[in-house]
Amino acid sequence: MQITGKCYSGDFKASPRVPFVLWLWILSAKPGERCTLLEHILKFLYLLPSLSFSLVSWPPLSPCAHCQLLKALTPQENTQSQQGLYFLDGQRRVDYVLTYPVKKSTVGRSGRQATHLLTENAVARSLRRGYQSRDQHIRHHQAPRAKDPSSPPSSPGTDVELGCLAETLNGQEDHKILRREEFEGKLRDMGLELEKDEDTKISGVAFVKIHAPWNILCREAELMKLKMPTKKVYEVKQLCGVVEKISSLVSKVVEPLHPQVEEHQPKNIKHLSHTFSREKQHLFDLSDKDFFFDSKTRSSIVFEILKRTKCKAKYSMGITTLLGNGVYTAAYPLHDGDINEESAVPNDRKLLYEEWANYSVFYKYQPIGLVRKYFGEKIGLYFAWLGLYTQMLIPASLVGVIVFLYGCATVDDNIPSMEICHPRNNITMCPLCDRVCSYWKLSTACATARASHLFDNPATVFFSIFMALWAAMFMEHWKRRQMRLNYEWDLTGFEDEEEALKDHPRAEYEFRVMQKSLSKDQKSQHKIEKLTCQDRLPAYMTNIVMMLLMIGVTFAIVFGVILYRISTKAALYMSSNPVTRSNAQLTVKTTAAIINLVVILILDEVYGAVARWLTVLEVPKTDKSFEERLIFKTFILKFVNAFTPIIYIAFFRGRLVGRPGSYLYVFESYRMEECAHGGCLMELCIQLSITMLGKQLIQNNLFEIGVPKLKKLIRYIRSKQGAFQEEERQKKLQRYETDHFLEPFAGLTPEYMEMIIQFGFVTLFVASFPLAPLFALLNNIIEIRLDAKKFVTELRRPVAARAKDIGIWYNLLRGVANVAVIINAFVISFTSDFIPRMVYQYMYSPDGSMHGFVNNTLSYFNVSHFQQGKEPMDPLYLGHPVEMCRYKDYREPPWSTTPYEISKEFWAVLAVRLAFVIVFQNVVMLMSDIVDWLIPDIPKDISLQIHKEKILLVDLFLKEEQGKTRNLESRSCTEGKKNCRSSSSNNSSSSSTVAQPHSGLHTNSTNSL
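**Student:** Help me understand the overall build of the chain, please; the structure alone is not making it clear to me.
**Tutor:** Across its full length, the chain carries 35 helices and 17 strands. Split into buried and exposed, the 1009 residues of the chain put 47% on the buried side. For the chain, the exposed area adds up to about 51800 Å²; of that, 60% sits on carbon and sulfur atoms.

**Student:** Before we go on, may I ask you to explain the pattern of salt bridges in this structure?
**Tutor:** In total, this model carries 35 salt bridges according to the counting rule given. Close ionic contact of Glu195 with Lys209 constitutes a salt bridge, the shortest N to O distance being 2.7 Å. Here the residue Glu195 occupies a position in strand S3 (residues 193–197), and Lys209 occupies one in strand S4 (residues 205–211), the gap between them amounting to 14 residues. We note a salt bridge from Arg735 to Asp338, for which the minimum N-O separation is 2.6 Å. On the criterion of sequence distance, the pair formed by Arg735 in helix H27 (residues 735–740) and Asp338 in the loop between strand S9 (330–332) and helix H13 (348–355) is long-range, its members being 397 residues apart. Taking the relative accessible area as the measure of exposure, Arg735 reaches 5% and is therefore buried. For Asp338, a relative accessible area of 23% gives the class partly exposed. Ionic contacts of the salt-bridge type, sharing partners, join the residues Glu476, Lys479, Arg814, Asp932 and Asp937 into one network.

**Student:** I tried to follow the packing of aromatic side chains on my own but got confused; where do I start?
**Tutor:** Aromatic ring pairs are reported here in terms of the distance separating the ring centres and the angle at which the planes meet. On inspection of all chains with the given rule, the structure shows 48 aromatic pairs. When the ring of Tyr382 is compared with that of Phe383, the centres are 4.9 Å apart and the planes differ by 70°; the resulting orientation is edge-to-face. Exposure remark for Phe383: the relative accessible area of 0% places this residue in the buried category. Positioned above the aromatic ring of Tyr663, the side-chain terminus of Arg671 is 3.6 Å from the ring centre. Its guanidinium or amino end placed over the ring of Tyr860, Arg886 lies 3.8 Å from that ring's centre, counting from NZ or CZ.

**Student:** For this particular structure, what's the right way to read the state of the cysteines?
**Tutor:** Note on terminology: a disulfide is the covalent bond linking the sulfur atoms of two cysteines. Taken as a whole, this structure holds three disulfides when the rule is applied. Linked covalently through their sulfurs, Cys421 and Cys446 form a disulfide whose S-S length is 1.8 Å. Here the S-S torsion is close to 100°, and the disulfide linking Cys421 with Cys446 is therefore right-handed. With Cys421 in helix H16 (residues 415–421) and Cys446 in helix H17 (residues 446–455), the pair connects residues that are 25 residues apart, well separated along the chain. The residue that forms a disulfide with Cys433 is Cys437, at a sulfur-sulfur distance of 1.6 Å. Because the sign of the S-S torsion sets the handedness, a value of about 85° for the bond joining Cys433 and Cys437 places this disulfide among the right-handed ones.

**Student:** How should the nonpolar core be read in this particular structure?
**Tutor:** Nonpolar side chains in soluble globular proteins generally cluster together in the buried interior. Residues Trp385, Tyr389, Trp470 and Phe765 are the most contacted members of the largest nonpolar core, which totals 110 residues. Among the elements that take part in this core, helix H15 (residues 377–410) stands out by supplying 15 residues, more than any other. In contact with Phe765, not counting residues within four places along its chain, are Phe643, Ile646, Ile647, Ala650, Phe651, Leu684, Leu688, Gly760, Ile823, Asn824 and Val827. By size, the runner-up hydrophobic cluster in this structure holds 43 residues, among which are Val208, Phe292, Leu306 and Ile946.

**Student:** Would you mind going over the side chain of Ser417 with me for this structure?
**Tutor:** Within the element layout of this structure, Ser417 appears in helix H16. A polar side-chain atom of Ser417 sits 3.0 Å from the main-chain carbonyl oxygen of Asn414. Beyond its immediate chain neighbours, meaning those up to four positions away, Ser417 contacts Val411, Ala449 and Arg450.

About the criteria used
Residues numbered from 1 in each chain as written. Predicted model: local features only at pLDDT ≥ 70, side-chain atom pairs only at ≥ 80, totals over all residues. Heavy atoms only, no water. Helix = DSSP H or I, 4+ residues; strand = E, 2+ residues; numbered from the N terminus. Buried < 20%, exposed > 50% of the residue type's maximum accessible area, 1.4 Å probe, protein only. Areas by Shrake-Rupley, 256 points an atom, 1.4 Å probe, with all protein chains shown as cover. Salt bridge = Lys/Arg side-chain N within 4 Å of Asp/Glu carboxyl O. Phe/Tyr/Trp six-rings, centres within 6.5 Å; stacked < 30°, edge-to-face > 60°. Lys NZ or Arg CZ within 6 Å of the ring centre and 35° of its normal. Disulfide = S-S within 2.5 Å. Core = buried A, V, L, I, M, F, W, Y, C linked by side-chain atoms within 4.5 Å. Contact = heavy atoms within 4.5 Å. Polar contact = N/O pair within 3.5 Å; in protein donor to acceptor, adjacent residues only side chain to side chain.

Take a look at the structure:
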């Protein structure tokens, strides 16, 4: 019989014969216990090589071959282990996987078995150590004879493993192997069980499968203070009265929107949770120990052990340093199973794929509970926050569309645009550039003026106030939703201090501390060293300089785009094609916005890498500190990169121009650009729409879809370059091999960052672009399913992390919302024409209407006052000579005593603008604070349930203590009765001895018996 299996034959130096009687005993055992029983028998036989059996034996086979033969005899056994989710025994689940590179020899490899079982009990390990010490003692005494040339040569099988290592591995690989062996030995000492697989279908990659036994899970759960459900259940208080009827009606209406996810218990019943303790295991339902700790909890426990386990090399090393040094190439937990096959076993991953990571269910709610169960609380909170943000965008989108439709409906009734578009309007405007530009009629700006009214109308002021209150309500709603999730997920007693105690120092920090301690005297090495501000001072200075440099690069690029607009506009006006000349403004605006978008996309990637490099230089102590510093730097750089061009257009363009005859120049030849007559609000809208839509479509969607698939394809192609047969390629990969091709999880920072930038687009300049919430809503509907599909199908399963909130991201959201109030106040005051229109209507209009507003905003200029060489080359472009031209500004006419000086109207408008900013900011901030005060952070029903849980816990422990007291009293009473009986029997025996002396021998013998 040919035995095919995966075993490392070098693990056993002998192949003992297994007696036929033992085979019958093994086959008579339970199917789940056969392989384990065989393994222990073979190890025992291996440890006793001198034992000989007179019984009938099978031909000698390697121990793992025996196990494979046993599996061949029971083909229905361990089907899940064949999928790679379990060890070879089919009982122990794979909780974590480590991968490392191997060099495979092509000769005779197919017949060699390469699965190395590392799970040993304490007795077997001690016996093996004794046997190995005996071998070493024998080899030590045989060494002199080996040195004697007359002595016979030693057996070629002596110390084969060391010989193979010396022949096939160089010094660096040998060092990595020693580090792996030491680290894996420490893991076994910590109680983990390991199983190696080097004969995989992926060339050059070997796997270490890790399993955490029950006692290790209990120990670590107690150390990590995990809250687990107890046997005690209680009824969740339901709403009553009218509120209950309304809630039931709403639930019936939205029932089709809920995902088809099975609920294991009624919604009004909840298990009482308590921190796990080995001393109080009787409180928990341990009827099924295999599923008491789910897969994400098991993997998080193993990861905690991996972080805590160090191997002493040149310095203390953990799993993160071992991954960085190439000792291991990857470390990840396994997904639950397949998702695409119809025959796949039902699992949470497949359910998530069908009911969550699918574009056909975009209209349904997210199964947040199942997401948390599979990925952990941290990722569950992100998708809960994203779902709530998307829901809150629905009313904002509706109001924004109404504001836009209001502008469309009133565009024909807008008096300023009607005056500009009137055919009898003969207002001659001054040239837009020097020399090549000529005089033009104001009526040619009719289309721009009408389009500007769509976004610059009185409704935009209301919309700005509404969005400020919307942001405040969103913040409060999220706090309430977050508190409800904390209650449902048993995180109410979870504190950051507990997580901080568990958060170990990073390997890079320990290495720097080690370097610092070695550089000091021997006397001071006994002190506990740490990195001080003085140690980090060079890194801090580098951070400041590089951050300022990157911000300066952004400003320089924006200035370059300004020069592009100026030069391109002058070049287009020099064209002989009238169509090109008429569309010069639109062409320059659109192309400049596209250039800004491309630069923003490129610099986003550069700034992300620079922020990570700067954070690494600081050497933060913990992973949490590293993440927060990285987030802060990345946010600053990307925020400046995305909004600098927009801020320039909103607040600086057209205000540093000068006037005809005294323009402001750049490099003495480029005249600063002006806004169109309709104002810069239209150009701001174009820049916002192109940047926002471009970032969402290209960076957020195409990159997220294309980059992981491309990396997965590259890894798959590289793996196929190995020397394995075509039929081996077509074999089904194990679960841990399939997950190896997936993209590693890089954290939630990119996901949060793109949403925070989008939140800035929605709130900061919403006065100029009321359709921004609608575009954000459409993007997020796709973004949720895209992220879900990426997490379920494209990424390796992340390690579950506990979290009670979204951390620093909430502070960033709050900061953006507060800044949005100020920016929208300035946009309404200085970018739009809302304030000048109000000032004219109520201060300068003769009849209280807007008639004459356009003429009031235009000043006069005498064309004879042009500077030498700056006048138009074609002064007769309009067909008649021009003596006076108009330009948009509040200045005195040339015939006044102070020609071209700023007029009183300018100062009146400026005063009203500043007053509006102050009033708008304070009113909106006050209304936001009122919203915060009116809406409590914790829902009332949740606070009542939390209080009820505390009371139930107290009652549970009181009953437990009472039960212990009763047991002690009953035991004491029982012992007292026994003592009374023994004393009475002694008294009776003594009296009987006195009364009947002849029977004393019999009594004593009975008592002694």
